[in-house]
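# Survey of secondary and tertiary structure
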Amino acid sequence: MILLAQEKTPVKRKSHGRVPQAYGTIDPEFSNKVLMFNMEVMNIREDKPKTPEEMKDTISTYFQLCANYKLNPTVEGLGLATHYYRNSLLEIEAGTFKTEFMGIVKAAKEYIKNYDATLVANGMIPASVYAFRAKNFYGMKDVQEVTLAPKTDLEPETASEILKEIPDQLSGETGETN
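Residues numbered from 1 in each chain as written. Predicted model: local features only at pLDDT ≥ 70, side-chain atom pairs only at ≥ 80, totals over all residues. Heavy atoms only, no water.

## Thoughts on the nonpolar core
A general tendency of soluble globular proteins is for nonpolar side chains to be buried together. Counting 26 residues, the largest nonpolar core has F37, V41, M55, I59, Y62, L78 and Y138 as the members making the most contacts within it. Elements with a minimum of two residues in this core: α1 (28-42), α2 (52-69), α3 (75-82), α4 (86-94), α5 (102-121) and α6 (127-137). If one sorts the elements of this core by residue count, α2 sits on top with seven residues. (Core = buried A, V, L, I, M, F, W, Y, C linked by side-chain atoms within 4.5 Å. Buried < 20%, exposed > 50% of the residue type's maximum accessible area, 1.4 Å probe, protein only. Helix = DSSP H or I, 4+ residues; strand = E, 2+ residues; numbered from the N terminus.)

## A closer look at a nonpolar patch on the surface
Where nonpolar side chains cluster on the molecular surface, the patch consists of I162, L163 and I166 and spans about 270 Å² of accessible area. Residue position: I162 is located in helix α7 (residues 159-170). (Patch = residues over 30% accessible without salt bridge, like charges linked within 9 Å, V, L, I, M, F, W, Y side chains within 5 Å. Areas by Shrake-Rupley, 256 points an atom, 1.4 Å probe, with all protein chains shown as cover. Salt bridge = Lys/Arg side-chain N within 4 Å of Asp/Glu carboxyl O.)

## Let's talk about α3
Counting buried residues in α3 gives seven out of eight residues, a clear majority hidden from the surface. Where the residues of α3 are buried, they touch α1, α2, α4, α5 and α6. Just past α3, the residue H83 takes up positive phi, approximately 65°. (Contact = heavy atoms within 4.5 Å.)

## Focus on the packing of aromatic side chains
Under the criterion given, the structure shown has six aromatic pairs. Their ring planes at 50° and their centres at 5.5 Å tell us that Y62 and F63 sit as a pair that is tilted. Ring centres of F63 and Y111 lie 4.3 Å apart, and the angle between their planes is 45°; this geometry places the pair in the tilted category. You can see F63 sitting in helix α2 and its partner Y111 sitting in helix α5, a full 48 residues away along the chain. We classify F63 as buried; its relative accessible area is 16%. Since its relative accessible area comes to 45%, Y111 is described here as partly exposed. Members of the aromatic cluster, joined through ring pairs, are F37, Y62, F63, Y69 and Y111. (Phe/Tyr/Trp six-rings, centres within 6.5 Å; stacked < 30°, edge-to-face > 60°.)

## Digging into the layout of surface pockets
Taken as a whole, the largest pocket holds about 190 Å³ of empty space. Along the walls of the largest pocket sit N72, P73, T74, D116, L119, I125, V129 and R133, which together make up its complete lining. Within the residue set of the lining of the largest pocket, elements represented by two or more residues are α5 and α6. (1 Å grid on protein atoms, 1.4 Å probe; cavity = no way out; pocket = protein on both sides within 12 Å on 5 of 7 lines; lining within 4 Å. Points joined across faces, edges and corners; volume = space filled by probe spheres on them.)

## Considering the pattern of salt bridges
Counted by the stated rule, this structure contains eight salt bridges. Between R133 and E76 there is a salt bridge, with its nearest N and O atoms 3.7 Å apart. Of this pair, R133 sits in helix α6 while E76 sits in helix α3, placing them 57 residues apart in sequence. You can call E76 partly exposed: its relative accessible area is 44%. For E93, the salt bridge goes to K109, with nearest N and O atoms at 2.7 Å.

## A short note on unusual backbone geometry
With phi around 60°, K70 is a residue other than glycine that occupies positive phi space. Within the element layout of this structure, K70 appears in the loop between α2 and α3. If you check the backbone angles, H83 has positive phi at about 65° while not being a glycine.

## Describing the confidence of the model for the chain
Confidence in the prediction of the chain, expressed as mean pLDDT, is 83, and 76% of residues score 70 or more. For the chain, per-element mean pLDDT is lowest for strand β1 (residues 9-12), which scores 52, and highest for α2, which scores 98. Long-range and interchain partners of residues 1-6, a stretch whose pLDDT sits below 50, account for nine contacts in this model, where long-range means more than four residues apart. Throughout residues 15-21 the model reports pLDDT below 50, and contacts reaching past four residues in sequence, or to other chains, amount to five contacts. (pLDDT = per-residue confidence, 0-100.)

What follows is the structure in structure tokens.
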């Protein structure tokens with residue numbers, strides 16, 4: 001059974017106690033195009049690829065369908081085409097599952113990552129969308145480097161200087177004069 005969008009349906013944000021605002025509308029033609037595309041992607045093959053050659057062919061067919069439909073490739077679509085979904089793709093990429101597919105999956109995800117980066121670099125998608133996808137699909141993360149430096153010199157110069165300061169510190173004096 002194929003469901004086709006018949007009219008524009010407003011998509012609304014959660015209101016969180018405020019008056020809900022319309023976020024946008026879904027164009028029925030675009031919605032139908034995506035539905036047809038997803039059905040075709042899902043039917044590239046009936047089961048999971050079993051050999052590296054089958055995996056390469058499946059991924060190539062997926063990218064060709066994206067081009068034919070003029071739709072952006074996604075990691076989600078890659079999962080739909082190969083029947084290896086998000087967590088399985090992550091495991092394959094990490095080399096903990098189906099290691100024979102590791103290089104193929106990494107290359108396919110690099111292709112999609114480069115595609116997304118090209119879109120953001122050319123102002124076609126917001127940087128926040130790329131940041132979200134990069135963190136969730138490409139293993140990137142925000143990193144902040146912090147350098148800690150001591151406020152005082154913790155290393156004494158000589159043993160005799162340590163011995164000289166011990167009586168002053170016990171009496172509460174610093175040994176310094178004003």
